[in-house]
Amino acid sequence: MSDSRNTNSLMTAFNSYLRAHRLRETYERKVVIQALSQCPGHFDLETLSYAISSNGDRVSRATIYNTIALLMKANLVRRQQFADGQYLYECTLRLPSGNQLHLICNVCGKITDLRSSTVTKELGNMKFGSFSPEYVSMSVYGTCARCSRRIRRETGEQKTAQFRNNNH
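Here we summarise the structure given alongside this text. Since we're looking at a predicted model, the values are computed, not measured.

## Let's talk about the side chain of Arg29
Along the polypeptide, Arg29 turns up in helix α2 (residues 27-36). Although Arg29 is buried, it forms no salt bridge, and the closest oppositely charged side chain is Glu28 at an N-O distance of 7.5 Å. Only 2.3 Å separates the side chain of Arg29 from the backbone oxygen of Arg24, close enough to count as a polar contact. Those residues in contact with Arg29 that lie beyond four places of it in its chain are Phe14, Leu18, Leu23, Arg24, Thr67 and Leu70.

## Remarks on the packing of α2 against helix α3 (residues 45-54)
At their nearest, the axes of α2 and α3 sit 9 Å apart, and the two run at 110° to each other. What the angle tells us is that α2 and α3 run roughly perpendicular. Contacts from Val31, Val32, Ala35 and Leu36 in α2 reach Leu48, Ala51 and Ile52 in α3. Considering only residue class, the contact of α2 with α3 consists of seven nonpolar, no polar and no charged.

Quick notes on the rules
- Residues numbered from 1 in each chain as written.
- Predicted model: local features only at pLDDT ≥ 70, side-chain atom pairs only at ≥ 80, totals over all residues.
- Heavy atoms only, no water.
- Helix = DSSP H or I, 4+ residues; strand = E, 2+ residues; numbered from the N terminus.
- Buried < 20%, exposed > 50% of the residue type's maximum accessible area, 1.4 Å probe, protein only.
- Lys, Arg positive; Asp, Glu negative; His and termini not counted.
- Salt bridge = Lys/Arg side-chain N within 4 Å of Asp/Glu carboxyl O.
- Polar contact = N/O pair within 3.5 Å; in protein donor to acceptor, adjacent residues only side chain to side chain.
- Contact = heavy atoms within 4.5 Å.
- Axes fitted to C-alpha atoms, helices over the stretch in contact; angles between N-to-C directions.
- Parallel < 35°, antiparallel > 145°, perpendicular 65-115°, else oblique.
- Nonpolar A, V, L, I, M, F, W, Y, C, P; charged D, E, K, R; others polar.

What follows is the structure in structure tokens.
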């Protein structure tokens, strides 16, 4: 989704939520929405704050936190905590379905979303007694292809150096 369409969709949905809950539509909230649409798939609040300031706007940290909290209540933003303890956020309008699978590299920290995972679809269809799941989010930790290649290259160079040292 393009930035302007994403911003418009998010703004429209958020303003509907605000009106339904009798909350004000403020300039600062609009600035947060515009900056949020510029953030990558997963972002932290520092990234969002930087996007706001790089647009030449000033919004207090409290307003950013409060707006994100409202966006989460409106189910427009989702917060997830990953293994390193860091909270990352993502706009739910960018997700084709509510369920997702994250592939997380333990070496570089890169997060890749698998959008059409059989695993998350199956989990989304499961019954959990009287528990009603809203969405499924799974994280698989490992090593991405780029880091795997780099490690193999470095390991190969070390083995070659060891072989040379042992044969001289």
